[in-house]
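Architecture at a glance
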Amino acid sequence: MKNIRPLVHLISNEVTLNNVVNVILGAGGRAICATAVEEVFEITSNSKALVLNIGVPSKEKLKAMLIAGKRANEIGIPVVLDPVGVGASAFRHSIVNELLEKVSFTCIKGNKSEIAKLCGINSNAVGVDSNVTELCHKDLKLLSDKTGAIIAATGEVNIISDQNTITKIPGGSKLLDIITGSGCMLTGIIGVFLAEENNYKETVVSAFSYFNTAAKQAELDLIAKGQNGTGSYLINLLDRLSERGK
Ligand SMILES: Nc1ncnc2c1ncn2[C@@H]1O[C@H](COP(=O)(O)OP(=O)(O)OP(=O)(O)O)[C@@H](O)[C@H]1O
Ligand SMILES: Cc1ncsc1CCO
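Residues numbered from 1 in each chain as written. Chains lettered and ligands numbered in written order. Predicted model: local features only at pLDDT ≥ 70, side-chain atom pairs only at ≥ 80, totals over all residues. Heavy atoms only, no water.

**A look at the site of ligand 1**
- The environment of ligand 1 is made up of 21 residues, and the closest members are N111, T154, G155, N158 and N212.
- Within the side chain of T154, one N or O atom sits 2.7 Å away from an oxygen atom of ligand 1.
- Contact between ligand 1 and C184: an oxygen atom at 3.3 Å from a main-chain N or O atom of the residue.
- Relative to its unbound accessible surface of 630 Å², ligand 1 loses 91% to contact with the protein.
- Those elements that place two or more of their residues in the shell around ligand 1 are α7 (182-196) and α8 (201-224).
- With 4 residues, the single largest contributor to the shell around ligand 1 is α7.
- Across the shell around ligand 1, the residue classes break down as 6 nonpolar, 12 polar and 3 charged. (Near = heavy atom within 4 Å. Polar contact = N/O pair within 3.5 Å; in protein donor to acceptor, adjacent residues only side chain to side chain. Areas by Shrake-Rupley, 256 points an atom, 1.4 Å probe, with all protein chains shown as cover. Helix = DSSP H or I, 4+ residues; strand = E, 2+ residues; numbered from the N terminus. Nonpolar A, V, L, I, M, F, W, Y, C, P; charged D, E, K, R; others polar.)

Now the structure itself:
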């Protein structure tokens, strides 16, 4: 077990929250989920990173995200945004626009449809899953220039870009597509890695490598154990993702 286990403040969605907390613990961090406007300022003040995930959005959560995000910027801790399903409704889009206007993000990580939407490309996405296959470096660089954030677009191949360089990391397993929350888990892990070593694109790349290597190993474990269900894959993935924090 590492000596320093950075605390990650997570404002997220109820669908994937438990798994995200487990992978934060597994990666060597600690997590606290707090969304009440009465406490978020204090919780962020005592954290080493803030993760904002808009998967199940509400006006109340937005208020909490703005208080937490502004506080995180004041004290200089990294802030990660997961714009889940931003193309699926005007409400989600308006929430992300307000967050981008009022909070500085260290990293924005979404699937390719979500990042395409933020780049102003219409992807026709109606749910939380991706239907875009390619994004070019110019689009990601422009979004990075506009937001100051490291931009990471997930899919079969992941693309991570800052204002200067681009890195591609292969996706770990196609089975990640048939469990919910793989993207949210990855965002939680980025939060832990950035809490340990702030602000670098290479830190985000390391988080991607860690997650996707574990995902590949979990698929190999599934085959080795003669399993084939998504539940077994999820457990194997959580197990593999717990190796770093031991
Ligand atoms: N076809 C694939 N082959 C390999 N890896 C994949 C594939 N599709 C997605 N992944 C991996 O799954 C992880 C999550 O990416 P994805 O684009 O599915 O996120 P998401 O849509 O936000 O997920 P979720 O909505 O389930 O949280 C990334 O590490 C990505 O590389
Ligand atoms: C299915 C779903 N709906 C809102 S958040 C979420 C989890 C995957 O992002």
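Once the structure has been displayed, the description carries forward.
**Description of the pairing of strand β7 (residues 157-161)**
- The buried fraction of β7 amounts to 4 of the 5 residues, a majority that puts the element mostly inside the structure.
- Sheet topology places strand β6 (residues 150-154) next to β7; 3 bridges connect them, and they run antiparallel. Considered in β7, the bridge of A152 is made with I160.
- Between the antiparallel neighbours β6 and β7 lie 2 residues.
- Linkage of β7 to strand β8 (residues 166-170), two consecutive antiparallel strands, is achieved through a turn of 4 residues. (Buried < 20%, exposed > 50% of the residue type's maximum accessible area, 1.4 Å probe, protein only. Pairing = 2+ DSSP bridges.)

**Observations concerning the pairing of strand β3 (residues 49-53)**
- Within β3, 5 of the 5 residues are buried, which leaves it mostly tucked inside the rest of the structure.
- By the alternation rule, side chains of β3 split into A49, V51 and N53 and L50 and L52, which are all buried.
- In terms of strand pairing, strand β1 (residues 7-11) meets β3 through 4 bridges, oriented parallel. Bridge pairing links V8 to A49 in β3.
- Sheet topology places β3 next to strand β4 (residues 79-82); 4 bridges connect them, and they run parallel. Paired with L52 across the two strands is L81, which belongs to β4.
- Taken together, β3, helix α3 (residues 59-75) and β4 form a β-α-β motif whose crossover is right-handed. (Right-handed = clockwise from strand over helix to strand, strands pointing away.)

**Describing the packing of helix α1 (residues 17-26) against α7**
- Their axes nearest at 8 Å, the elements α1 and α7 cross at an angle of 35 degrees. Our pair here, α1 against α7, has a crossing hand that is right-handed. Contacts between α1 and α7 involve N19, V20, V23 and I24 on the former and, on the latter, C184, M185, G188, I189 and V192.
- A per-class count over the contact of α1 with α7 returns 7 nonpolar, 2 polar and no charged. (Axes fitted to C-alpha atoms, helices over the stretch in contact; angles between N-to-C directions. Left-handed = near helix turned anticlockwise from the far one by under 90°. Contact = heavy atoms within 4.5 Å.)

**Let's talk about the pattern of salt bridges**
- By the definition in use, this model includes 9 salt bridges.
- Note that E98 and K102 form a salt bridge whose closest N and O atoms lie 2.9 Å from each other. Taken together, the residues E98 and K102, both in helix α4 (residues 90-102) and 4 residues apart, mark about one turn of the helix.
- Among the residues examined, E98 registers a relative accessible area of 26% and is labelled partly exposed. (Salt bridge = Lys/Arg side-chain N within 4 Å of Asp/Glu carboxyl O.)

**Re the UniProt feature "binding site: ATP" (unreviewed entry) in the protein**
- Under the present numbering, the feature "binding site: ATP" (unreviewed entry) in UniProt falls on K109 and T154. Spanning 46 residues, the named residues nonetheless gather at one spot, since no C-alpha pair among them exceeds 7.5 Å.
- K109 sits in the buried class, given a relative accessible area of 2%.
- Filtering out sequence-adjacent residues up to four positions away, K109 remains in contact with L81, D82, P83, I115, A152, T154, G183, C184, L186, T187, I190 and F208.
- Side-chain polar atoms of K109 contact the side chain of D82, separated by 3.2 Å.
- Summarising the element assignment, T154 is placed in strand β6.
- What makes T154 buried here is its relative accessible area of 12%.
- Setting aside its immediate chain neighbours within four residues, T154 contacts K109, G110, N111, K112, L186 and F208. (UniProt positions renumbered as here; feature names shortened; annotations may be inferred.)

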